[in-house]
There are 2 protein chains.
Amino acid sequence: MPPVSSLNDHTGYWLRMVSNAVSQEFARKVANHDVTVAEWVFLRALYDRNVMPPSVLAETMGMTRGAISKLADRLLAKGLVERTANGEDRRAHSLSLTEEGRGKVPVLASLADQNDVEYFGVLTTEEHEALNRILKALAERQGLKAAPVD
Amino acid sequence: MPPVSSLNDHTGYWLRMVSNAVSQEFARKVANHDVTVAEWVFLRALYDRNVMPPSVLAETMGMTRGAISKLADRLLAKGLVERTANGEDRRAHSLSLTEEGRGKVPVLASLADQNDVEYFGVLTTEEHEALNRILKALAERQGLKAAPVD
DNA sequence: TTGAAATGGTTTCCTAGTCAACAACATTTG
DNA sequence: CAAATGTTGTTGACTAGGAAACCATTTCAA
């Protein structure tokens with residue numbers, strides 16, 4: 001690709017292009033339920049381990065503690081999450097889903113399923129498997145662990 | 001993936017995870033040259049067609065005209081871009097690269113090349129080609145045209 | 001056992017976008 | 001040709017996040 005490569009000469013370009021489209025459409029879908037993508041990830045994380053300190057959420061979501069603090073505020077205001085004091089350490093507290101928050105998760109999960117089908121359903125089974133395999137290998141190779149949010 | 005799918009059950013999840021890692025690393029590389037990713041895309045677009053109205057840039061970059069207006073301000077302030085009035089239509093103007101801006105493009109392009117090698121070099125040739133092919137097919141199928149920036 | 005360092009969270013300031021209102025100019029239409 | 005409508009670009013209000021300063025508390029070490 002001499003001498004000055006084009007934008008679209010790079011795999012990263014196409015990756016980002018497709019990824020953005022998929023994510024933006026998903027964002028649109030969850031927005032209909034008054035939730036952002038970051039909020040979805042947050043809620044989904046809490047769904048499994050019903051109680052988590054914000055620091056762990058920050059770790060698993062790959063966001064700063066400051067961002068989690070504000071995100072938690074917003075979810076609190078929406079009544080989807082609640083804070084409870086931690087008896088042992090008076091600096092710390094825990095976050096958990098409210099009933100309403102818990103009820104929303106399956107709905108949002110099905111939107112995620114739908115979105116994936118919508119975008120990747122056009123691939124043949126072989127293609128889809130190859131894509132998954134390659135992406136997971138890349139993620140593994142790079143030691144990625146945090147759930148992507150942005 | 002019944003009853004409530006996990007985050008990582010979706011191809012979109014892995015796509016975003018890898019895409020974010022690649023882009024963030026590229027952002028770090030260009031930041032060493034005092035440029036953001038959006039600025040790089042902007043400069044690279046101008047490099048080919050040396051003169052463009054902001055409206056066309058907005059179109060090709062998939063950003064609002066407001067965003068382009070501010071982006072142009074920043075590049076102007078950095079001395080990488082210049083505005084010139086359009087004789088025919090007094091509302092409009094054109095953007096073009098300064099000498100300095102033009103000089104930066106090849107440097108930034110080589111960073112993009114480097115970044116791609118760094119992330120996708122671990123793939124076999126077959127894998128890399130399959131990935132490119134699938135991504136381009138998806139982009140095509142979805143009618144995507146704007147250069148991804150965010 | 002008390003002063004220093006570490007830790008959990010929050011807050012402030014900054015950045016880079018969107019969206020919607022706007023000003024200036026151009027174009028169309030009656 | 002005047003008025004309505006459309007178009008170009010800018011601006012202001014707002015959003016979500018990062019970085020770093022900060023506060024309160026806990027832990028560690030002399």
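Residues numbered from 1 in each chain as written. Chains lettered and ligands numbered in written order. Predicted model: local features only at pLDDT ≥ 70, side-chain atom pairs only at ≥ 80, totals over all residues. Heavy atoms only, no water.

In the nomenclature of an unreviewed UniProt entry, chain A is known as DNA-binding transcriptional regulator, MarR family of Xaviernesmea oryzae.

Here we come to the overall build of chain A. Each helix and strand in chain A was counted, giving six helices and three strands. Dimensions along the principal axes, computed over C-alpha positions, put chain A at roughly 60 × 30 × 25 Å. Out of the 150 residues belonging to chain A, those deemed buried represent 46%. Sequence separation of 24 or more characterises 58% of the internal contacts of chain A that already satisfy a separation of 6 or more. Accessible surface computed for chain A: about 7,600 Å², of which carbon and sulfur atoms make up 51%. In chain A, which carries 18 positive and 20 negative side-chain charges, the distance between the mean positions of the two groups comes to 7 Å. (Helix = DSSP H or I, 4+ residues; strand = E, 2+ residues; numbered from the N terminus. Buried < 20%, exposed > 50% of the residue type's maximum accessible area, 1.4 Å probe, protein only. Contact = heavy atoms within 4.5 Å. Areas by Shrake-Rupley, 256 points an atom, 1.4 Å probe, with all protein chains shown as cover. Lys, Arg positive; Asp, Glu negative; His and termini not counted. Charge placed at Lys NZ, Arg CZ, Asp CG, Glu CD.)

Core analysis: the largest hydrophobic core is formed by 97 residues, its most contacted members being Trp-40, Phe-42 and Leu-57 of chain A together with Trp-40, Phe-42 and Leu-57 of chain B. Among residues more than four places away in sequence, those in contact with Phe-42 of chain B are Leu-57, Met-61, Ile-68, Leu-71, Ala-72, Leu-75, Val-81 and Leu-95 of chain B. (Core = buried A, V, L, I, M, F, W, Y, C linked by side-chain atoms within 4.5 Å.)

Neighbouring DNA strand D are 21 residues; Lys-70 and Arg-74 of chain A together with Arg-65, Ser-69 and Arg-91 of chain B lie closest to it. Of all atoms in DNA strand D that approach within 4 Å of the protein, 59% are sugar or phosphate atoms. In this structure, Arg-90 of chain A approaches DNA strand D through a main-chain N or O atom, which is 3.0 Å from a phosphate oxygen. At 3.4 Å from a phosphate oxygen of DNA strand D is found a main-chain nitrogen or oxygen belonging to His-93 of chain B. Among the secondary structure elements, those contributing two or more residues to the surface near DNA strand D are α4 (65-77) of chain A together with α3 (54-61) and α4 (65-77) of chain B. With four residues, the single largest contributor to the surface near DNA strand D is α4 of chain B. (Near = heavy atom within 4 Å. Polar contact = N/O pair within 3.5 Å; in protein donor to acceptor, adjacent residues only side chain to side chain.)

The next subject is the relation of the copies chain B and chain A. For these two chains of identical sequence, chain B goes onto chain A by a turn of 180 degrees and a shift of 0.0 Å along the axis, with RMSD 0.1 Å. The two molecules are tied by a two-fold rotation axis, judged by turn and shift. (Least-squares fit on C-alpha atoms with pLDDT ≥ 70 in both.)

The environment of DNA strand C is formed by 22 residues, the closest being Arg-65, Ser-69 and Arg-91 of chain A together with Thr-64 and Lys-70 of chain B. Of all DNA strand C atoms lying within 4 Å of any protein atom, the proportion belonging to sugar or phosphate reaches 62%. Between DNA strand C and Arg-83 of chain A, the relevant distance is 3.0 Å, taken from a phosphate oxygen to a side-chain nitrogen or oxygen of the residue. Within the contact set of DNA strand C, a base oxygen lies 2.5 Å away from a side-chain nitrogen or oxygen of Lys-70 of chain B. Of all the elements in the fold, those that place two or more residues in the surface near DNA strand C are α3 (54-61) and α4 of chain A together with α4 of chain B. Among the elements that take part in the surface near DNA strand C, α4 of chain A stands out by supplying four residues, more than any other. Class assignment for the residues of the surface near DNA strand C results in six nonpolar, six polar and ten charged. (Nonpolar A, V, L, I, M, F, W, Y, C, P; charged D, E, K, R; others polar.)

Another point: helix α1 (residues 11-31) of chain A. With 21 residues, α1 of chain A ought to run about 30 Å at 1.5 Å a step, and its terminal C-alpha atoms sit 30 Å apart, in line with that. Judged by how many residues are buried, α1 of chain A sits mostly within the fold: 17 of 21 residues are covered. (Expected span 1.5 Å × (residues − 1).)

The next thing to look at is the side chain of Glu-39 of chain B. Residue and element names in this part refer to chain B. For Glu-39, the location among the structural elements is in helix α2 (residues 37-48). Residue class for Glu-39 comes out buried when judged on its relative accessible area of 1%. Reaching out from Glu-39, the side chain makes a polar contact with the backbone nitrogen of Thr-36 at a distance of 3.1 Å. Those residues in contact with Glu-39 that sit more than four places away from it in its chain are Asp-34, Leu-71, Arg-74, Leu-75 and Lys-78.

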